[in-house]
Amino acid sequence: MNDTSLKNDGRAGFSRRRFITGTGSLLGAAALAGPIPSAWATPRTAAAPIASGSRVPALVIGTGYGGCVAALRLAQAGTDVHMAEMGMAWDTPGPDGKIFANTTRPDDRSFWLLTRTKQPLSNFLGFPLDRNVNRYTGILDAEEFGGITVYQGRGVGGGSLVNGGMAVTPRRENFGAILPTVDAEEMYSTYYPRANSGLGVTTIDPAWFEEADCYQYARVGRKHAERAGFPFLFVPAVYDWDYMKREAAGTVPRSALDGEILYGNNHGKKSLQKTYIDRIRATGRVTISPLHKVTTVTPAPDGGYTVLIDQLDTTGRTTATKTVTADKVFFAAGSVGTSKLLVGLKATGALPLLNDEVGRGWGDNGNVMCGRANHLWDPTGKLQASIPTGGIDNWDAGGAFAEVAPLPTGIETWASFYLSITKNPHRARFTWNAAAGRAELDWQTAWKQPSIDAAKTIFDRINRKEGTIYRSDLFGVHKIWGDHLTYHPLGGAVLDKATDNYGRLHGHPGLYVIDGALIPGNTSVNPFVTITALAERNIERIIATDL
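Cut-off values and rules
Counting of residues starts from 1 at the beginning of each chain's written sequence and follows it residue by residue. Restriction of local features to residues with pLDDT of at least 70 applies here, the model being predicted, together with a cutoff of 80 or more for giving and counting side-chain atom pairs; totals for whole chains, interfaces and linings are based on all residues. Processing note: side-chain calculations cover all non-hydrogen atoms of the structure and skip hydrogens and water entirely. Salt bridges are defined as contacts in which a side-chain nitrogen from Lys or Arg sits within 4 Å of a carboxyl oxygen from Asp or Glu. For helices the rule is a DSSP run of H or I covering at least 4 residues; for strands it is a run of E covering at least 2, with both sets numbered from the N terminus onward. Think of it in three bands: residues with accessible area under 20% of the maximum for their type are buried, residues over 50% are exposed, and the middle band is partly exposed, with areas taken using a 1.4 Å probe on protein chains only. By this definition, two strands are paired if DSSP reports at least two bridges between them. Two aromatic rings from Phe, Tyr or Trp, using only the six-membered ring of Trp, form a pair when their centres are within 6.5 Å; if the ring planes differ by under 30 degrees the pair is stacked, by over 60 it is edge-to-face, and anything between is tilted. Here, axes are lines fitted to C-alpha atoms. For helices the fit covers the stretch in contact, and angles between N-to-C directions go from 0 to 180 degrees. Here a crossing is called left-handed whenever its near helix is offset anticlockwise from the far helix by less than a right angle, and right-handed whenever the offset is clockwise. The contact rule is simple, with two residues in contact once any of their heavy atoms fall within 4.5 Å. Residue polarity follows a fixed list, in which Ala, Val, Leu, Ile, Met, Phe, Trp, Tyr, Cys and Pro are nonpolar, Asp, Glu, Lys and Arg are charged, and the others, Gly among them, are polar. Under the convention used throughout, the expected extent of a helix is 1.5 Å for every residue step, that is, one less than its residue count.

Q: In this structure, what is going on with the pattern of salt bridges? I would like to understand it.
A: Charged atoms that come close allow side chains of opposite charge to pair. Tallied over the entire structure, the rule returns 30 salt bridges. We note a salt bridge from Asp96 to Arg109, for which the minimum N-O separation is 2.6 Å. With Asp96 in the loop between strand 2 (81–84) and strand 3 (123–124) and Arg109 in the loop between strand 2 and strand 3, this pair connects stretches of sequence that are 13 residues apart. Under the relative-accessibility criterion, Asp96 is labelled partly exposed at 44%. The salt bridge involving Glu144 is made with Lys118; its shortest N-O contact spans 2.9 Å. With Glu144 in strand 5 (residues 140–144) and Lys118 in the loop between strand 2 and strand 3, the pair connects residues that are 26 residues apart, well separated along the chain. Shared partners join several salt bridges into a network, and the residues in it are Lys98, Arg105, Asp258 and Glu260.

Printed below as a string of structure tokens:
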């Protein structure tokens, strides 16, 4: 491994002194300031939530990719649907006129019920970037388990609100290892195209990419990948590229070009709010209750299921507990949310017939992050679009696919930044801690080593070719690898194990899993297109046979 010190290195052109003067505003805003007064202490939307005592034909728990697919297709088939969402609606501007906070200026809106931010990139040149905030039902949950931090979106739209928008369909030859019991021909001929269409997936104009200042960082990443012998692939995304061109021209408010991504994007990104949820609302058959957390699901005496739901305020306090009856329940709370809920329901006897596969097969999609310090002649640009557009593919030879990610600090950093997805074989399990009354995950920190090893097959080679070094100031002091986290939680209620081959939970008819919990730990690329396509496949069969 190359030298990881923060001293000057002639090969990398990396100087602590050079950056300190340029990072004053960034560090001042993110590290040195105290908490700002909360401007969002009361709910910002006057939604009409579900009433206690209601009976609904279908209840969807969560409003992410799988839940939105289920709700839309059920409504189109003539079924009335209610969606319960733990997070906020995110449909009303705050005092600054914006719905979402900026990536480099986190405030109360940024994190779910934390009093201090917990940013994935936590340090810069030895300075911590996290800052104090007021406890609030913010958009990004940094959920801590024994050996890993899992980042999840909180709000109507789920993970689509906070992800990088990279809409990648896995290579077909990899699909058998992802979902071995699913017909690949059906997925690639029908459900992946349906998902990509529904999500509004498009690819950047290659000619514009070549000239856009905001993608200088990606062009540098491409040059280094290709010089080291790796293919660079343009990756589709869910962003309005015409809007981004107007951002660059200065004719519309900046969004991706203002670094907006981690805590939401105010304009150009096509989150679920602008795609599936728009179509859901147009059916007239779906209602959504934000700040509603499902706690219990039990068989109802007269059929269906009795569901207890806590209504929350923006401090996370329960203000009411509601009892609702649902004929059918779709678990779509995300891999972690669905898994924790099901493990608890089985262990406490609420759903005793769930099988022992519930909670198993959880993985982190092999996520690991790193940065590289480039030479002075390879600047990555002060202006960086927050939407990644390309990746480096070494999946077959080294077990890694790496997106060339932005580092939108607003200053020149001479840094290349990457999020890798790797062939990590480790799978964790959720179990129920009865004494503590919570589900726990048995992930081990050492299990990240295969991901680091796989990522090194790309970046060691690039560093050798370029004569560069790893950055060691991004994830802590003298720490190269962002191996403490995942953006892509998967598994915990695996298809054809905890469920049948279409997401029906064993033992309790009328209960379904329809989210990333179905996928056993890895998709070889960013997972949300696969989650969406699998949900399209499963709900089509469920509607045809169960309704």
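Q: Explain the sheet that holds strand 19 (residues 485–486) here, please?
A: Paired through their backbone hydrogen bonds, the strands of a sheet run either parallel or antiparallel. The strand order across the open sheet formed by three strands is 5-6-19, and the pairing between neighbours is mixed. Whereas interior strands pair on both sides, the edge strands pair on one side only; in this sheet they are strand 5 and strand 19. Bridge analysis of strand 6 (residues 149–153) against strand 19 gives two bridges, and the strand direction is parallel. Looking at the pairing, Thr149 lines up with Leu485 of strand 19.

Q: Help me understand the packing of aromatic side chains in this model?
A: Two aromatic rings, taken as a pair, are described by how far apart their centres are and by the angle between their planes. Inspection of the entire model under this criterion finds 21 aromatic pairs. Ring centres of Trp362 and Phe430 lie 6.2 Å apart, and the angle between their planes is 85 degrees; on these two criteria the pair is classed as edge-to-face. Remark: Phe430 occurs in strand 16 (residues 430–433) and Trp362 occurs in the loop between helix 10 (334–347) and strand 12 (368–373); sequence separation between them is 68 residues. Of the two residues, Trp362 and Phe430, neither departs from the other in class, the shared state being buried. Pairwise contacts between aromatic rings join Trp208, Phe209, Tyr215, Tyr217, Phe232 and Phe234 into one cluster.

Q: What is the right way to look at the packing of helix 3 (residues 65–76) against helix 13 (residues 528–546) in this model?
A: Two numbers describe how helix 3 lies on helix 13: the axes approach to 8 Å, and their chain directions differ by 35 degrees. At the point where helix 3 passes helix 13, the crossing takes the right-handed sense. Taken together, the residues of helix 13 that come into contact with helix 3 (itself represented by Tyr65, Gly66, Val69, Ala70, Arg73 and Leu74) are Phe528, Ile531, Thr532, Ala535, Glu536, Ile539 and Ile543. Residue classes in the contact of helix 3 with helix 13 are distributed as nine nonpolar, two polar and two charged.

Q: What exactly am I supposed to notice about the sheet that holds strand 15 (residues 415–422) here?
A: Reading across the sheet, the six strands line up as 7-13-14-15-12-18 and stay open at both edges, with antiparallel pairing between neighbours. The sheet terminates laterally at strand 7 (232–234) and strand 18 (469–470), the two strands that pair on one side only. In the sheet, strand 7 pairs with strand 13 (residues 390–394) via three bridges, with the strands oriented antiparallel. Looking at the pairing, Phe232 lines up with Ile392 of strand 13.

Q: Explanation requested: helix 10 in the structure shown.
A: For an α-helix, 3.6 residues make a turn, and residues three or four places apart therefore share a direction. Given a rise of 1.5 Å per residue, 14 residues ought to cover 20 Å, and the 20 Å separating the end C-alpha atoms of helix 10 matches this to within 8%. Most of helix 10 sits out of view: ten of its 14 residues are buried. Along helix 10, the residues classified as buried are Ser335, Val336, Gly337, Thr338, Ser339, Leu341, Leu342, Val343, Gly344 and Leu345. Looking at the residues trailing helix 10, positive phi occurs at Gly349, about 90 degrees.

Q: Quick question: what am I supposed to make of the environment of Ile277 here?
A: With respect to the helices and strands, Ile277 occurs in helix 9 (residues 276–283). It is 21 Å that separates the C-alpha atoms of Ile277 and Ser255, two residues lying 22 residues apart in sequence. When residues no more than four places from it in sequence are discounted, the contact partners of Ile277 are Thr63, Cys68, Val156, Gly157 and Leu272.

Q: Help me understand the environment of Arg461, please; the structure alone is not making it clear to me.
A: Considering the arrangement of structural elements, one finds Arg461 in helix 12 (residues 449–466). Assessed through its relative accessible area of 33%, Arg461 is described here as partly exposed. A sequence separation of 236 residues divides Arg461 from Ala225, and the C-alpha atoms of the two residues are 9.1 Å apart. In this view, Arg461 contacts Ala228, Gly229, Phe230 and Lys456; residues no more than four positions away in its chain are not counted.

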